[in-house]
Amino acid sequence: MAISTSELLRPVQAALRFDEAALLRYAVANVAGFPEAPSRFTISQFGHGQSNPTFCLEVASPGSAGDVKRYVLRKKPPGVLLQSAHAVEREFQVLKALGAHTDVPVPKVFCLCTDTSIIGTPFYIMEYLEGRIFLDIKLPGLSPERRKLIYQETAKTLASVHKADVDSIGLQKFGRRDNYCKRQVERWAKQYLSSTGPGKPDRYPKMLDLAVWLRENIPAEDTLGASGTGIVHGDYRIDNLVFHPVKDQVIGVLDWELSTLGNQMCDVAYSCMAYLVDSSLGEQESYGGLEFSGIPEGIPSMAEYLALYCSAAGRPWPVREWKFYVAFSFFRGASIYAGVYHRWTLGNASGGERARHAGKLANVLIDCAWAFIVRESVLPNQPPVEIFSPGVAGKSEEVYAHSKQGIFVPSKKVLELRKKLLKFMEDHIYPMENEFYRLAQSSSRWTIHPEEEKLKELAKQEGLWNLWIPFDSAARAKMLLEGESHVSPRVWNNNFLGAGLSNLEYGYLCEIMGRSVWAPQIFNCGAPDTGNMEVLLRYGTKEQLQEWLIPLLEGNIRSGFAMTEPQVASSDATNIECSITRQGDFYIINGRKWWTSGAMDPRCKVLIVMGKTDFSAPMHKQQSMILVDANTPGVHIKRPLLVFGFDDAPHGHAEVIFENVRVPVKNILLGEGRGFEIAQGRLGPGRLHHCMRLIGGAERGLQMAVERALKRKVFGKLIAEQGSFLSDLAKCRIELDKARLLVLEAADQLDRLGNKKARGTIAMAKVSTPNMTLKVLDFAMQVHGAAGLSSDTVLAHLWATARTLRIADGPDEVHLGTIAKLELRRARF
Ligand SMILES: Cc1cc2nc3c(=O)[nH]c(=O)nc-3n(C[C@H](O)[C@H](O)[C@H](O)COP(=O)(O)OP(=O)(O)OC[C@H]3O[C@@H](n4cnc5c(N)ncnc54)[C@H](O)[C@@H]3O)c2cc1C
């Protein structure tokens with residue numbers, strides 16, 4: 001459980017007492033609003049913390065009916081101090097700048113006193129923050145959901161500190177930014193030497209070796225002093241944060257004694273120390289951190305915490321340099337604890353008797369550094385993404401927030417986007433449909449209508465571009481690509497990584513795009529591009545992202561997904577026969593695919609091909625996915641396939657032969673044998689996007705049916721006045737709204753629980769939505785009479801598309817099998 005700020009207060013230690021009357025006179029004169037002749041003035045000391053002694057001043061004004069004001073005083077410790085340590089003047093400076101000019105949560109500072117005649121040392125007075133402090137990093141007594149929120153907030157707050165622009169808040173001279181690590185290694189090495197040795201506590205030789213290793217492994221980025229530099233807090237830990245008394249929100253970052261400017265990744269590594277070592281002072285058997293003692297449910301792993309930080313701060317994933325930063329943190333900690341221990345031997349450690357253990361702890365940290373250095377791997381190559389899903393906690397708060405209005409109520413942001421989208425459809429898409437159809441039925445059908453590219457630019461300008469990208473996938477790509485000079489600034493400036501929506505939020509927008517078969521691609525939200533981009537966002541390497549994802553995000557190229565083969569039942573992908581065989585630095589692909597949607601499009605430049613890299617491996621480890629440049633020799637586009645006579649030009653569904661196609665090894669996605677894993681990641685959201693679009697198609701059909709029925713008379717009455725019409729209309733509305741709710745529920749589950757756990761509901765949506773859409777469109781066609789079956793209305797094309805989706809992305813029977821299997825499993829347990 002957390003402890004409240006006031007619970008940390010203790011009587012002042014005898015060695016730290018000072019002249020209270022002098023302080024009172026000073027405070028009255030220098031702190032605005034400080035009661036002038038208080039009826040009560042008491043001082044207590046915060047019992048937590050080791051460095052600068054910190055006190056609570058309680059002041060009651062006369063006649064104020066017992067109202068007590070609280071302030072916090074922080075001072076240097078008495079006695080001889082190490083040079084540059086305990087710099088309360090610097091603490092004051094950084095708190096003042098951050099408080100005045102940024103959103104970083106810090107206590108307000110009132111005055112700094114450098115006159116040592118008042119209470120013996122310099123001090124400053126600041127705001128007292130009543131809130132919760134989590135002294136135990138395991139957060140006992142909290143639910144997993146709240147633990148996750150507390151750690152998310154901790155990572156985000158550190159990112160907010162690091163994002164402060166020191167040049168514009170007057171802190172540009174607060175420290176040097178270049179060569180920070182190099183200078184820090186020397187500083188703490190020197191400090192260690194001055195706290196240990198002859199006549200002082202023993203020196204640990206491994207510490208000297210550690211200094212050598214660090215000097216030899218300083219990251220190249222350290223010399224640059226540009227990106228990744230700025231404010232470094234220096235002691236950023238969860239117990240230096242004050243959380244709001246009720247909400248899981250940081251209201252104050254404390255203890256800025258070690259703050260400076262420099263390489264901020266040092267700060268991040270330091271804030272991860274709790275995962276690796278328990279550095280609380282005390283007599284203990286083991287000093288193992290969370291990774292050793294077990295990470296309590298809800299608390300993210302170190303890699304996840306780091307990913308949260310990198311995402312919030314917009315920093316690249318530090319896989320190469322992480323060993324240095326962590327080892328440096330241990331080194332610095334060891335030097336600090338050696339200093340604390342030395343001061344204890346001299347009798348002036350502010351932490352009192354607990355400081356007797358600091359010497360031992362310093363040596364533990366040195367051993368931990370070496371244990372970390374010799375680890376083979378310290379971080380996954382790519383940041384984990386699961387932690388970005390809102391989780392149960394996000395959901396429960398969301399549900400609570402919405403409970404006054406209903407669960408599926410779109411946010412203001414979504415409503416605004418929806419309004420814009422509806423207008424765009426009215427102004428630009430519906431009026432162009434006939435024109436698009438005309439070209440698609442002409443001899444130039446496999447070319448792009450010039451208006452399409454113009455509308456794409458307009459959609460970008462309107463902020464209606466790539467709305468499908470879920471925020472967690474965007475976060476991973478940002479981490480991998482941020483700072484890469486050859487990524488066009490357009491990607492960042494124009495929100496090409498989406499609007500930060502969840503799948504649920506996208507659901508409200510995608511269905512509007514689904515009202516016209518031409519719309520999704522105008523917003524770069526069409527299949528199969530979205531599924532292919534999702535694969536790259538989730539599983540691509542940095543190089544793959546640069547080569548293929550960026551042009552796809554920009555809408556400069558299109559893509560295809562080649563899995564289905566004519567000669568085998570492809571609803572069971574284990575049957576696939578296409579071979580992907582390694583030869584030196586290349587893979588050779590041989591196989592025959594069909595229904596590769598989009599492959600006829602002149603802009604289609606890349607295909608994701610699924611095939612087998614190892615025919616002898618276990619069933620689900622045989623398949624791999626590989627990126628194939630569509631212009632590679634041996635890729636033969638044979639013919640477009642027709643769906644009830646529609647060839648869907650200029651997009652098309654192609655039969656493609658792969659004949660000895662040579663593809664560089666770097667094009668493999670995720671690794672050999674990982675094809676099924678990727679398919680799971682791709683198909684979940686992709687299937688739901690189809691369903692969302694179908695809801696829109698059904699909605700348009702229903703609207704057209706009503707409009708027709710209100711205009712056309714049969715046997716003396718409007719169709720809308722016929723009883724059979726009314727009853728069918730009502731039934732269609734019921735079916736449509738049922739399916740919509742199921743799709744939204746599946747999207748919500750996808751956000752909260754992930755692909756695997758949401759698969760049952762996704763399967764239900766995937767079966768019910770095309771079947772519902774077919775019924776509604778059939779009704780609309782019936783109301784239109786023969787016109788409904790012609791190409792004079794959009795109904796026939798919408799119907800043909802809906803019919804394909806009882807087969808494409810898995811036939812109904814396969815999804816029904818999934819639902820039934822889960823149902824039986826539920827019954828058994
Ligand atoms: C318009 C359209 C676009 C497409 N786009 C693409 C694309 O871009 N890329 C791509 O790779 N593929 C694409 N496909 C192909 C599609 O994914 C496959 O058609 C689908 O997976 C089914 O495979 P299949 O055709 O080989 O049918 P089969 O596997 O031969 O199945 C035939 C039938 O068998 C029955 N069946 C299957 N499994 C079961 C079961 N477990 N229980 C009971 N009955 C069962 C079902 O009735 C099923 O329809 C597209 C298809 C269409 C129509």
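Look a little higher up for the structure.
Residues numbered from 1 in each chain as written. Predicted model: local features only at pLDDT ≥ 70, side-chain atom pairs only at ≥ 80, totals over all residues. Heavy atoms only, no water.

**A look at the packing of helix 10 (residues 322–346) against helix 11 (residues 358–373)**
Following both chains from N to C, one finds helix 10 and helix 11 inclined at 170 degrees, their axes separated by 7 Å at the closest point. In terms of their interaxial angle, helix 10 and helix 11 are classed as roughly antiparallel. Judged by the twist between their axes, the crossing of helix 10 over helix 11 is left-handed. Counted together, Trp322, Lys323, Val326, Ala327, Phe330, Gly333, Ala334, Tyr337, Ala338, Val340 and Tyr341 of helix 10 and Ala358, Gly359, Leu361, Ala362, Leu365, Ile366, Cys368, Ala369, Phe372 and Ile373 of helix 11 form the full contact between these two elements. Class assignment for the residues of the contact of helix 10 with helix 11 results in 18 nonpolar, 2 polar and 1 charged. (Axes fitted to C-alpha atoms, helices over the stretch in contact; angles between N-to-C directions. Helix = DSSP H or I, 4+ residues; strand = E, 2+ residues; numbered from the N terminus. Parallel < 35°, antiparallel > 145°, perpendicular 65-115°, else oblique. Left-handed = near helix turned anticlockwise from the far one by under 90°. Contact = heavy atoms within 4.5 Å. Nonpolar A, V, L, I, M, F, W, Y, C, P; charged D, E, K, R; others polar.)

**Regarding the environment of threonine 541**
Topologically, threonine 541 is positioned in the loop between helix 20 (529–539) and helix 21 (542–554). Exposure remark for threonine 541: the relative accessible area of 27% places this residue in the partly exposed category. Separated by 64 residues in sequence, threonine 541 and alanine 477 have C-alpha atoms that sit 9.5 Å apart. (Buried < 20%, exposed > 50% of the residue type's maximum accessible area, 1.4 Å probe, protein only.)

**A closer look at the site of the ligand**
By nearness alone, 18 residues border the ligand, and Phe561, Thr564, Ser571, Trp595 and Ser597 come closest of all. Contacts to the ligand include glutamate 813, whose side-chain N or O atom sits 2.9 Å from an oxygen atom. In isolation the ligand offers 970 Å² of accessible surface; the protein chains occlude 66% of this area. Those elements giving two or more residues to the shell around the ligand turn out to be strand 15 (586–597) and helix 26 (812–828). When its residues are assigned to classes, the shell around the ligand shows 10 nonpolar, 6 polar and 2 charged. (Near = heavy atom within 4 Å. Polar contact = N/O pair within 3.5 Å; in protein donor to acceptor, adjacent residues only side chain to side chain. Areas by Shrake-Rupley, 256 points an atom, 1.4 Å probe, with all protein chains shown as cover.)

**Topic: the packing of helix 4 (residues 180–195) against helix 5 (residues 205–216)**
Where helix 4 meets helix 5, the closest approach of the two axes is 10 Å, and the angle between their N-to-C directions is 170 degrees. Here helix 4 lies roughly antiparallel to helix 5, going by the angle between them. Counting all contacts with helix 4, which are made through Val185, Glu186, Ala189, Tyr192 and Leu193, the residues of helix 5 involved are Met207, Leu208, Ala211, Leu214 and Arg215. Looking at the contact of helix 4 with helix 5, its residues break down into 8 nonpolar, no polar and 2 charged.

**Some thoughts on the environment of alanine 358**
Within the secondary structure layout, alanine 358 lies in helix 11. Residues alanine 358 and tyrosine 341, 17 residues apart in the sequence, show an inter-C-alpha distance of 5.1 Å. If near-sequence neighbours (up to four positions away) are discounted, alanine 358 is found in contact with Leu281, Tyr337, Val340 and Tyr341.

**Details of the side chain of lysine 460**
Structurally, lysine 460 can be placed in helix 15 (residues 450–461). Of the polar contacts made by the side chain of lysine 460, one reaches the backbone oxygen of glutamate 554; its length is 2.8 Å.

**As for empty space enclosed by the protein**
Scanning the entire structure with this criterion turns up 6 cavities of 30 Å³ or more. Put simply, the largest cavity is a space of about 50 Å³. In this structure, the largest cavity is lined by Tyr180, Val232, Gly234, Cys266, Asp267, Tyr270, Phe328, Ser329 and Arg332. Of the residues assigned to the lining of the largest cavity, the class counts are 5 nonpolar, 2 polar and 2 charged. (1 Å grid on protein atoms, 1.4 Å probe; cavity = no way out; pocket = protein on both sides within 12 Å on 5 of 7 lines; lining within 4 Å. Points joined across faces, edges and corners; volume = space filled by probe spheres on them.)

**Considerations on the sheet that holds strand 5 (residues 68–75)**
Reading across from one edge, 2-3-4-5-7-6 is the order of the 6 strands in this open sheet, with antiparallel pairing throughout. Single-partner strands in this sheet number two, and they are strand 2 (9–10) and strand 6 (109–113). Relative to strand 7 (residues 123–127), strand 5 is paired through 5 bridges, and the arrangement is antiparallel. Looking at strand 7, one finds that tyrosine 71 is bridged to glutamate 127. The sheet contacts of helix 2 (residues 88–101) involve strand 5, strand 6 and strand 7, and relative to strand 6 the element is tilted by about 155 degrees. (Pairing = 2+ DSSP bridges.)

**Considering the packing of aromatic side chains**
The tally for this structure, following the rule as stated, stands at 19 aromatic pairs. Measuring from ring centre to ring centre gives 5.6 Å for phenylalanine 324 and tyrosine 325, while their planes differ by 80 degrees; the resulting arrangement is edge-to-face. Both residues of the pair, phenylalanine 324 and tyrosine 325, belong to the buried class. Taken together, the ring pairs in this structure connect Phe34, Phe41, Tyr71 and Phe110 into an aromatic cluster. One cation-aromatic arrangement involves arginine 90 over phenylalanine 174; the distance from NZ or CZ to the ring centre is 3.9 Å. When the ring centre of tyrosine 270 is taken as origin, the NZ or CZ atom of arginine 332, which lies over that ring, is 4.9 Å away. (Phe/Tyr/Trp six-rings, centres within 6.5 Å; stacked < 30°, edge-to-face > 60°. Lys NZ or Arg CZ within 6 Å of the ring centre and 35° of its normal.)

**Some thoughts on the pattern of salt bridges**
Counting across every chain of the model gives 43 salt bridges. Linking arginine 74 and aspartate 255 is a salt bridge whose minimum nitrogen-to-oxygen distance equals 2.6 Å. Of this pair, arginine 74 sits in strand 5 while aspartate 255 sits in the loop between strand 11 (250–253) and strand 12 (260–263); the two residues are 181 residues apart in sequence, bridging distant segments of the chain. In this structure, arginine 74 and aspartate 255 share a single accessibility class: buried. In this structure, aspartate 235 engages arginine 237 in a salt bridge whose closest nitrogen and oxygen atoms are separated by 3.7 Å. What you see here is one network of salt bridges that share partners, running through Glu452, Glu453, Lys456, Asp529, Arg558, Asp601 and Arg603. (Salt bridge = Lys/Arg side-chain N within 4 Å of Asp/Glu carboxyl O.)

**A few points about the pairing of strand 19 (residues 653–664)**
Where strand 15 lies against strand 19, 9 bridges are found, and the strand directions are antiparallel. Looking across to strand 19, one finds that threonine 596 is bridged to alanine 654.

Purely spatial values, then, with no claim about function.
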